[in-house]
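Chains, contacts and geometry: an overview
What follows is each chain in one-letter form.
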Amino acid sequence: MIPDLVTYPVRGSPRFDALLVGGGLHLLAVWVPVLPFVAVAGYLARVFSATAASPSHVEAERPAWRPVGPLLRDGLRLSVTCLGYLVVPVALLVVTLGGPLEGIDPTGTTDGLIFLAGTTVSTLLAFAICYPLPAALVAVARDRSLRAAVDTTRLGAATRDAGYLVATLLSAAGLAVAAAAYGPLNAVALGFFVAFYAEVVAAAAIGEATGRAWERRGC
């Protein structure tokens, strides 16, 4: 499975067209902040849908960028889904770390314990709320409907699956590594393309794991 995931962004002919367009959109976002990322989200929606729906999953053909109109609508739906899921965790972390815990000295013994407990609880709650997000993105991409983002049957089937957990954690780790390398690689204008490559691999991994979880549970 891992070799299939690694080669997924450059599968097909021409091999590097999707990567060049996606990296170019990341570069364009430096000057035009919103629209390029909506287009990238639309492409990732097609990756989610293709890898989740195909019987062979990541062996499926890599999607194309065209037609552009439906791609932008798919990207908008994914963007709205992300905002809906992330607003509470972000607010929770901001309020916790910037509010009640702001005046606590984490170097003190008692204050340190309070700070550690508060940050740990808020982080765990934020993770618990965000954990179904990848499955929600796959569901929205498959159905092309925002209602799929709160389909508890399919979200529950995915989040209880060990393969989904592994795919989510590995994807998060891979995206974190790509983010860390983003700045240094952009010294030679490669960070934009590496970021898109990592996003497509992560989307393929999550789509594949979510699709298999749904298959196993008859969703």
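Note: the structure precedes this text.
Residues numbered from 1 in each chain as written. Predicted model: local features only at pLDDT ≥ 70, side-chain atom pairs only at ≥ 80, totals over all residues. Heavy atoms only, no water.

**Considerations on the overall build of the chain**
If you tally the helices and strands in the chain, you get nine helices and zero strands. Listing every helix and strand of the chain by position from the N terminus yields α-α-α-α-α-α-α-α-α. Per-residue burial over the chain gives 42% buried out of 219 residues. Of the contacts made within the chain by residues no fewer than 6 positions apart, 75% connect residues no fewer than 24 positions apart. By element, 72% of the accessible surface of the chain is carried by carbon and sulfur atoms, the whole surface being about 11300 Å². (Helix = DSSP H or I, 4+ residues; strand = E, 2+ residues; numbered from the N terminus. Buried < 20%, exposed > 50% of the residue type's maximum accessible area, 1.4 Å probe, protein only. Contact = heavy atoms within 4.5 Å. Areas by Shrake-Rupley, 256 points an atom, 1.4 Å probe, with all protein chains shown as cover.)

**As for the packing of helix α2 (residues 17-28) against helix α9 (residues 191-216)**
Two numbers describe how α2 lies on α9: the axes approach to 8 Å, and their chain directions differ by 120 degrees. Regarding the angle of α2 to α9, the classification is oblique. In the crossing of α2 with α9, the sense of the turn from one axis to the other is right-handed. Counting all contacts with α2, which are made through A18, L19, L20, G22, G23, G24, H26 and L27, the residues of α9 involved are F192, F193, A195, F196, Y197 and E199. Class assignment of the residues belonging to the contact of α2 with α9 gives a composition of nine nonpolar, four polar and one charged. (Axes fitted to C-alpha atoms, helices over the stretch in contact; angles between N-to-C directions. Parallel < 35°, antiparallel > 145°, perpendicular 65-115°, else oblique. Left-handed = near helix turned anticlockwise from the far one by under 90°. Nonpolar A, V, L, I, M, F, W, Y, C, P; charged D, E, K, R; others polar.)

**Points about the environment of G22**
Structurally, G22 can be placed in helix α2. The class of G22 is buried, set by a relative accessible area of 0%. Taking the C-alpha atoms as reference points, G22 and F192, 170 residues apart in sequence, are found 8.1 Å from one another. Every residue in contact with G22, bar those within four places of it in the chain, is listed here: V40, W65 and F196.

**Some points on the pattern of salt bridges**
Under the counting rule described, the total for this entry stands at eight salt bridges. In this structure, the salt-bridge partner of R62 is D17, at a minimum N-O distance of 2.7 Å. In this pair, R62 is assigned in the loop between α3 (35-53) and α4 (68-98) and D17 in helix α2, connecting sequence segments 45 residues apart. Taking the relative accessible area as the measure of exposure, R62 reaches 13% and is therefore buried. When salt bridges with common partners are traced through the structure, they connect D74, R77 and R144 into a single cluster. (Salt bridge = Lys/Arg side-chain N within 4 Å of Asp/Glu carboxyl O.)

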